[in-house]
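Remarks on the overall topology
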Amino acid sequence: MSELLNALAGWGVNVAIAITALRTNLLRSILTTLGVMIGVFSVILAVAVGNGAQVSVTQQIATLGSNMAIVVPEPERANGPPRPGDRGRLTERDGEAIARQVPGVNAVAPQIRTSVQMVTGGRSASTQAIGSTEEYGSISNLATSDGRFLTGSDVGAATRVVVIGQTVADKLFVDINPIGETVRINRVPFTVIGLLESKGSNLGNDNDDQIIMPISTLRQRLSTGPAQGPDDVTLLFVGFEDEDSLVAGDREIKSLLRARYRVSKGKITPFTVRTTKEIAETSGQVTQIFQAVLVAIASISLLVGGIGIMNIMLVSVTERTREIGLRMALGAKRRDIRNQFLVEAAVLCLIGGAIGLILAMVAAAIFQQVAEFPAPIGLDTAVLAVAFSAVIGLVFGGYPAIRASRLSPIEALRSE
């Protein structure tokens, strides 16, 4: 126990000497810490932006729904975009077959999308209209903050009703409750029956800039393009009971559709099935690569800061040669001299790292406020950054410290 206390006391003395030496050359110390400070600031901010990208992507995927697959009538091609002849087709009957025959399917929501112009009370807005069924709400975790969502009777009777997003409501209805109001969509009158809960924006995509109406109404009242058949759809949203059934459902859906459209073996499957699990994994890999690139670039500045520390510590050893010789003459051992300069380099880097951390936290907070993009800095990141800055000091201060400890006391005392 006494040995431990003596060791701690020795390190405490080294810290005190280091602080005194840094205060003696205050301006030089400040300039030296700038390199480490900028390096730590850059690395932490790069990690925060990378973490923010992962959070943003996760939130965006969550807006699609959980345990869900999206079926699109386009083939998966490894080389280049799909050719026109490769494109398949999807119908509402395909959705009904998937609901009946694929194990673990809770619900299927067919969907048609088209751009529309909305007008009411002298105000207008362009947005995306989604024609779907009542199952779309449960599959995609859509809820209304006011009014109601679509029902089976709305779809069956092709009623002219619409559920609008918050962005659309802000454009068309100022200080007015939109529920019950009439809007003209491509000159066709519709009644607003619901206002969707706001889901915000993710990566530049406004999830509230949309309207939802019965798929039957969109087909009968609005133009859906010349290629649409009597029950063709743009895509299918398929909800599963759990993640296990979702993983198996990918293969089941492709197999079923290949059989329904008589796609022979060896030919390209004219359908793409994307599950929320696959989307999350792919997006996670992309954001991790993005974060790694950012950290690698930012680490260059930290490396430059470490080189600056080594340079200044070598200068310090040269300037304090007589002091080193005097300490050795009074009984200081080589390890004491080495530890003194190691501690001095570590303290210098710790100060720079702490300031860099504070600046990074301030910059991340400003970034979140201005850009509305998450940039979280976790406690583990903060502690690791400061600890790593100390390691930088020990690594780059190692050579000057060893060089100082190897000086000859006699030669050191003779130096001017």
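Shown above is the structure to which this text applies.
Rules of the game
- Residues numbered from 1 in each chain as written.
- Predicted model: local features only at pLDDT ≥ 70, side-chain atom pairs only at ≥ 80, totals over all residues.
- Heavy atoms only, no water.
- Helix = DSSP H or I, 4+ residues; strand = E, 2+ residues; numbered from the N terminus.
- Buried < 20%, exposed > 50% of the residue type's maximum accessible area, 1.4 Å probe, protein only.
- Contact = heavy atoms within 4.5 Å.
- Areas by Shrake-Rupley, 256 points an atom, 1.4 Å probe, with all protein chains shown as cover.
- Axes fitted to C-alpha atoms, helices over the stretch in contact; angles between N-to-C directions.
- Parallel < 35°, antiparallel > 145°, perpendicular 65-115°, else oblique.
- Left-handed = near helix turned anticlockwise from the far one by under 90°.
- Nonpolar A, V, L, I, M, F, W, Y, C, P; charged D, E, K, R; others polar.
- Core = buried A, V, L, I, M, F, W, Y, C linked by side-chain atoms within 4.5 Å.
- Pairing = 2+ DSSP bridges.
- Arc of directions from axis to C-beta.
- Salt bridge = Lys/Arg side-chain N within 4 Å of Asp/Glu carboxyl O.
- Patch = residues over 30% accessible without salt bridge, like charges linked within 9 Å, V, L, I, M, F, W, Y side chains within 5 Å.
- Phe/Tyr/Trp six-rings, centres within 6.5 Å; stacked < 30°, edge-to-face > 60°.

Attention now goes to the overall build of the chain. The helix and strand inventory of the chain stands at 14 helices and 14 strands. A buried classification covers 43% of the 416 residues belonging to the chain. Counting contacts in the chain only where the partners sit at least 6 residues apart, residues at least 24 apart contribute 78% of the total. Element-wise, carbon and sulfur atoms account for 58% of the exposed surface of the chain, whose accessible area totals about 21,400 Å².

Moving on, we get to the packing of helix 9 (residues 276-319) against helix 13 (residues 398-405). One way to put it is that helix 9 packs onto helix 13 with a least axis distance of 8 Å and a crossing angle of 15°. By the angle between their directions, the pair helix 9 and helix 13 is classed as roughly parallel. Along this stretch, helix 9 crosses helix 13, giving a crossing that reads as right-handed. On helix 13, the residues that touch M310, M313, L314 and V317 of helix 9 are Y399, P400, R403 and A404. Partitioning the contact of helix 9 with helix 13 into residue classes produces seven nonpolar, no polar and one charged.

Take the nonpolar core next. Residues I98, M118, I164, I185, I211, V238 and I253 are the most contacted members of the largest nonpolar core, which totals 41 residues. A per-element tally of this core places strand 3 (residues 105-120) first, with five residues. Other than its neighbours up to four places away in sequence, I164 contacts M118, A169, F173, P178, V192, G194, L195, L196, Q210 and I211. One finds V36, M328, I337 and L357 within the second-largest nonpolar core, a separate group that totals 28 residues.

Two strands pair when backbone bridges link them, and strand 3 and strand 13 (residues 235-240) are joined in this way by six bridges, in the antiparallel orientation. Bridge pairing in strand 13 places V105 opposite F240. Inspection of the sheet shows strand 3 paired to strand 4 (residues 123-132) by nine bridges, in the antiparallel sense. The residue of strand 4 that forms the bridge with Q117 is S126. The hairpin turn running from strand 3 into strand 4, its antiparallel successor, is two residues long, and G121 in that turn takes a positive phi close to 55°. As paired strands, strand 3 and strand 7 (residues 182-185) are joined by two bridges and run antiparallel to one another.

Within the span of helix 10 (residues 321-329), buried status applies to T321, I324, G325 and M328. Buried residues of helix 10, seen end-on, are gathered within an arc of 95° and therefore sit on one face of the element. Downstream of helix 10 by a residue or two, G331 has a phi angle that is positive, lying close to 115°.

Okay, the pattern of salt bridges next. A complete count under the given rule lists eight salt bridges for this structure. Residues D154 and R148 are paired through a salt bridge, measuring 2.7 Å at the closest nitrogen-oxygen approach. The exposure class assigned to D154 is buried, which follows from its relative accessible area of 5%. For R148, a relative accessible area of 36% gives the class partly exposed.

In this section: a nonpolar patch on the surface. Taken together, the side chains of L27, L31, L34 and I38 make up a nonpolar region of the molecular surface, amounting to roughly 380 Å² of accessible area. In this fold, L31 is placed in helix 2 (residues 26-64). Relative accessible area serves as the criterion here: at 52%, L31 is assigned to the exposed category.

Among the nine residues that make up strand 8 (residues 188-196), seven are buried, leaving the element largely enclosed by the rest of the structure. In the sheet, strand 5 (residues 144-147) pairs with strand 8 via three bridges, with the strands oriented antiparallel. If you follow T144 over to strand 8, its bridge partner there is L196. Two elements, strand 6 (residues 161-164) and strand 8, share four bridges in a ladder whose sense is parallel.

This part covers unusual backbone geometry. The phi dihedral of N141 is positive, around 55°, even though this residue is not glycine. On the accessibility criterion, N141 (42% relative accessible area) is partly exposed. The backbone of R187 shows a phi angle near 75°, a positive value even though the residue is not glycine. Its place among the elements puts R187 in the loop between strand 7 and strand 8. A residue is classified by how much of its surface remains accessible, and R187, at 78% relative accessible area, is exposed.

A word on the packing of aromatic side chains. Per the stated rule, a full pass over the model turns up two aromatic pairs. With 5.3 Å between their ring centres and 90° between their planes, Y136 and F237 make a pair best called edge-to-face. Of the two residues, Y136 sits in helix 4 (residues 135-139) while F237 sits in strand 13, which places them 101 residues apart along the sequence.

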